[in-house]
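# Overview (structure and organization)
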Amino acid sequence: MISQTEIEMREILVNEEKCRVCKGKCCQRHACDCSPEDFDNDIRLMRRALETGKYAIDFTRSTADAFVYSSKGALTLDIEHILKTENEALYIRGRNRNRPIVDILHTEKKEGPCVMWSLEKGCELSFEQRPKYGRTVIPFLFIPENCINTYTKQDLIQEWKPYTKELFKLAKEFFPKDWELYEEFNIVL
Ligand code: SF4
Ligand code: SF4
């Protein structure tokens, strides 16, 4: 749920005109990151969001060490490793077009656009409904790719870490075994 402070910050920081001129370069590059608070910290609301097909589970990491071989010989995620590693977390964000609901393997720099974005309308969500990143990014028109992200990766990791086990269960449930990259790299959750 959006906080009073955020509403006040919005008055100061949001510049919809700049975003209109830019035509949503950030949304075209990658869907924006959610916070657990976007789902009232409720795993049932997170599941419902995934069921719409408009949100995805992602995995932020700095090494590939959490990918380990299962007894069946496929690559899977080691949840204990994620739990004890400072800069790793499973989290939810908007879904990118032509990407799966469980989107944990990245080979491209630009994987967007976000499924909720269109050139004609921009973001289909109202400001209050947008993921936290989308509500808190500060537009910087002259170098739009470098707009200021006030919801940092460290904030995201800290907020999502307590949900690791529940998100892993959801990731297993929604895992698309037949997605080409997972088949190619033999990844099965
Ligand atoms: S936040 Fe920045 S990149 Fe995103 S639409 Fe606005 S100006 Fe463009
Ligand atoms: S949810 Fe909205 S603001 Fe966020 S990337 Fe998608 S279209 Fe952009």
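For the structure, check the block above.
An account of the accompanying structure is given in this report. (Residues numbered from 1 in each chain as written. Chains lettered and ligands numbered in written order. Predicted model: local features only at pLDDT ≥ 70, side-chain atom pairs only at ≥ 80, totals over all residues. Heavy atoms only, no water.)

Right, let's get into the packing of aromatic side chains. Tallied over the entire structure, the rule returns six aromatic pairs. An angle of 80° between the planes, with centres 6.1 Å apart, marks the rings of F39 and Y55 as edge-to-face. With F39 in the loop between α3 (25-29) and α4 (43-51) and Y55 in strand β1 (residues 55-60), the pair connects residues that are 16 residues apart, well separated along the chain. With respect to burial, F39 and Y55 carry one shared label: buried. Consider the rings of W179 and Y182, whose centres lie 5.0 Å apart with planes at 70°: the pair is edge-to-face. Here a set of aromatic residues connected by ring pairs shows up, and it is made of F39, Y55, W160 and Y163. (Phe/Tyr/Trp six-rings, centres within 6.5 Å; stacked < 30°, edge-to-face > 60°. Helix = DSSP H or I, 4+ residues; strand = E, 2+ residues; numbered from the N terminus. Buried < 20%, exposed > 50% of the residue type's maximum accessible area, 1.4 Å probe, protein only.)

Quick look at the nonpolar core now. What tends to happen in soluble globular proteins is that the nonpolar side chains get buried as a cluster. Grouped together as the largest cluster of nonpolar side chains are 45 residues, with contacts concentrated most on Y55, L77, L90, I92 and W160. For this core, the secondary structure elements donating two or more residues are α4, β1, β3 (75-77), α5 (79-84), β4 (89-94), α7 (153-160), α8 (164-174) and α9 (180-185). The element that contributes the greatest number of residues to this core is α8, accounting for five residues. Discounting residues that sit within four places of it in the chain, W160 has contacts with C34, S35, P36, F39, M46, A89, L90, Y91, I92, Y151 and L167. (Core = buried A, V, L, I, M, F, W, Y, C linked by side-chain atoms within 4.5 Å. Contact = heavy atoms within 4.5 Å.)

Taken together, C27, A31, C32, C114, M116, W117, C123, R130 and P131 make up the full set of residues adjacent to ligand 2. When its residues are assigned to classes, the shell around ligand 2 shows eight nonpolar, no polar and one charged. (Near = heavy atom within 4 Å. Nonpolar A, V, L, I, M, F, W, Y, C, P; charged D, E, K, R; others polar.)

Where like charges cluster on the molecular surface, the negative patch consists of D178, E180, E183 and E184. Examined against the element boundaries, E184 turns out to sit in helix α9. (Patch = residues over 30% accessible without salt bridge, like charges linked within 9 Å, V, L, I, M, F, W, Y side chains within 5 Å. Areas by Shrake-Rupley, 256 points an atom, 1.4 Å probe, with all protein chains shown as cover. Salt bridge = Lys/Arg side-chain N within 4 Å of Asp/Glu carboxyl O. Lys, Arg positive; Asp, Glu negative; His and termini not counted. Charge placed at Lys NZ, Arg CZ, Asp CG, Glu CD.)

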